[in-house]
Amino acid sequence: MAKIVHSVIPAPVRADLTDDPLDVLRFAVKAAPQGAALATLTDIRGGAARAIGSQMAIAADGRFCGYVSGGCVEAAVAAEALLAMSTGRDRCLRLGEGSPFFDIVLPCGGGITVTIHLLRNVLGLERVIRELEMRRFAALEYSLADQTLSFSDKVPKRGLWSGSKFITPYRPRTRLIVSGHPAEVRAVSALAKSSGFELIAFTHSGARNATLGLIDAFSAVVLLHHDLDSEAPLLEPALQSEAFYIGALGSTRTHTSRMERLRKNGMPQEAIDRVRAPIGMFGPTRDSNSLAISVLADVAAARLVAYT
């Protein structure tokens, strides 16, 4: 990779507000021919704004994207990455509690360690990108001793050290499949898009055939129909899938009728119990926007349980 001459190190500037790991990896791969680094949160002391394994990508021209904290230290991390490029050596950076940088204090009061790796090749990153695009788990393994980064067949639920190697897991974007009444579907879809979900929305009865093969382990199925007959074509295949979340609109009485219908259709109780109904984290809601907030909050909470 290209070295930066120390006397002309550029000022760090944020290129993108994204914290999507796929976006960060793509940015790193694109910047790598001119020089780039990948910064990974590898240790937390006390509280922290981001999870272990969170990452930033830094280009040799000073542009960076991603987060390892709440936005308070990213420019400092980027500056250290640019210094690392000028020396040609990876480095570990301690910030907050236990750090030599007394002027950098984390709002949470804790401390973090960020490992900065200079990208000498991007084969591992490119493979992770391909795996994520095919909606499969993937991981990168960083060797502190060798200063190398490679694709890993071991995919833990969260970033962790394995001896002197740090493994960063990646999972595909959450796919939200929503079907139902147009007003509710529109509100949920708008919020889902702004929240970074991959969205598939239906307001018609053709949802069953259209979603065949699309509901995977990284999917949440949201049914916002006003009658049980219209939701049935999607509910039953959803219950036969690996979706981490299945929620349905309706009162407690409606859900009792729903469960009885599913039993009569031969659906096992274990599958029936997967339906979260009445849908949402809070309720009852009386307008579509409140319903959207309630539903997306419930999906996000279920995602945390499923993947942490």
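Residues numbered from 1 in each chain as written. Predicted model: local features only at pLDDT ≥ 70, side-chain atom pairs only at ≥ 80, totals over all residues. Heavy atoms only, no water.

Regarding the overall build of the chain
Assigned secondary structure in the chain consists of nine helices and 15 strands. For the C-alpha atoms alone, the extent of the chain along its principal axes is close to 70 × 35 × 35 Å. In the chain, which comprises 308 residues, the share counted as buried stands at 48%. Within the chain, contacts between residues at least 6 apart in sequence are counted, and of these 62% link residues at least 24 apart. Positive and negative charge centroids in the chain, built from 34 and 30 side chains respectively, lie 1 Å apart. (Helix = DSSP H or I, 4+ residues; strand = E, 2+ residues; numbered from the N terminus. Buried < 20%, exposed > 50% of the residue type's maximum accessible area, 1.4 Å probe, protein only. Contact = heavy atoms within 4.5 Å. Lys, Arg positive; Asp, Glu negative; His and termini not counted. Charge placed at Lys NZ, Arg CZ, Asp CG, Glu CD.)

Some thoughts on the sheet that holds strand β4 (residues 63-66)
Here six strands make up an open sheet; going across it, the order is β1-β4-β3-β2-β6-β5 and the pairing mixed. Looking at the sheet topology across the chains shown, the edges are occupied by β1 (13-14) and β5 (91-96). Here six bridges tie β5 to strand β6 (residues 111-118), and the two strands are oriented antiparallel to one another. Paired with Cys92 across the two strands is Thr115, which belongs to β6. Lying on the sheet, helix α1 (residues 21-31) is in contact with β2 (36-45), β3 (55-59) and β4; it crosses β3 at an angle near 25°. (Pairing = 2+ DSSP bridges. Axes fitted to C-alpha atoms, helices over the stretch in contact; angles between N-to-C directions.)

Things to note about a nonpolar patch on the surface
On the surface, Met281, Phe282 and Ile293 cluster together into a nonpolar patch covering about 300 Å² of accessible area. You can call Met281 partly exposed: its relative accessible area is 47%. (Patch = residues over 30% accessible without salt bridge, like charges linked within 9 Å, V, L, I, M, F, W, Y side chains within 5 Å. Areas by Shrake-Rupley, 256 points an atom, 1.4 Å probe, with all protein chains shown as cover. Salt bridge = Lys/Arg side-chain N within 4 Å of Asp/Glu carboxyl O.)

Some details on the state of the cysteines
Taken as a whole and assessed by the stated rule, the structure comprises zero disulfides. Looking at Cys92, it has no disulfide partner, and the nearest cysteine sulfur is the one in Cys72, 19 Å off. (Disulfide = S-S within 2.5 Å.)

Comments concerning the pairing of strand β14 (residues 245-248)
Here β14 shows a buried face lined by Tyr245 and Gly247 and a second buried face lined by Ile246 and Ala248. One ladder, built from four bridges, connects strand β13 (residues 219-224) with β14; its direction is parallel. Opposite Val222, over in β14, you have Gly247 as the bridge partner. Following the chain from β13 across helix α6 (residues 228-239) to the adjacent parallel β14, one finds a crossover that is right-handed. Summarising the sheet, β14 and strand β15 (residues 275-276) pair through two bridges and their orientation is parallel. Bridging across to β15, Gly247 finds its partner in Arg276. (Right-handed = clockwise from strand over helix to strand, strands pointing away.)

Description of the packing of helix α4 (residues 182-194) against helix α9 (residues 288-307)
Contact geometry for α4 and α9: axes closest at 8 Å, N-to-C directions at 50°. Taken as axis vectors, α4 and α9 run oblique relative to one another. Note on packing geometry: the crossing formed by α4 with α9 is right-handed. On the side of α4, the interface is formed by Ala183, Glu184, Ala187, Val188, Leu191 and Ala192, while α9 contributes Ser288, Asn289, Leu291, Ala292, Ile293 and Leu296. Looking at the contact of α4 with α9, its residues break down into nine nonpolar, two polar and one charged. (Parallel < 35°, antiparallel > 145°, perpendicular 65-115°, else oblique. Left-handed = near helix turned anticlockwise from the far one by under 90°. Nonpolar A, V, L, I, M, F, W, Y, C, P; charged D, E, K, R; others polar.)

Describing α9
The periodicity of an α-helix, 3.6 residues per turn, causes residues three or four positions apart to be oriented the same way. Over its 20 residues, α9 extends 28 Å from the first C-alpha to the last, a length consistent with the 28 Å expected when each residue adds 1.5 Å. Burial in α9 covers these residues: Leu291, Ala292, Ser294, Val295, Leu296, Asp298, Val299, Ala302 and Tyr307. On its buried face, α9 is in contact with β11 (175-180), α4, β13, β14 and β15. Capping the start of α9, Asp287 holds a side-chain oxygen 3.2 Å from the backbone nitrogen of Asn289, two or three residues further along. (Expected span 1.5 Å × (residues − 1). Polar contact = N/O pair within 3.5 Å; in protein donor to acceptor, adjacent residues only side chain to side chain.)

Some details on the environment of Ala192
When you line up the elements, Ala192 lands in helix α4. Taking C-alpha positions, Ala192 is 20 Å from Gly66, a pair spaced 126 residues apart along the chain. Setting aside its immediate chain neighbours within four residues, Ala192 contacts Leu176, Phe197, Leu199 and Leu296.

Things to note about the packing of α6 against helix α7 (residues 252-264)
Between α6 and α7, the shortest axis-to-axis distance is 12 Å and the interhelical angle comes to 60°. Relative to α7, the element α6 lies oblique. α7 is crossed by α6, and the crossing has right-handed handedness. For the pair α6 and α7, the contacting residues are Leu228, Asp229, Glu231, Ala232, Leu235, Glu236 and Leu239 in the first and Thr254, Ser257, Arg258, Arg261 and Leu262 in the second. Taken together, the residues of the contact of α6 with α7 break down into five nonpolar, two polar and five charged.

A closer look at the sheet that holds strand β12 (residues 198-202)
Here we have five strands laid out as an open sheet, ordered β12-β11-β13-β14-β15, and parallel in their pairing. Bordering the open sheet on either side are β12 and β15, each of which pairs with just one other strand. Lying over the sheet, α9 contacts β11, β13, β14 and β15, oriented at roughly 150° with respect to β13.

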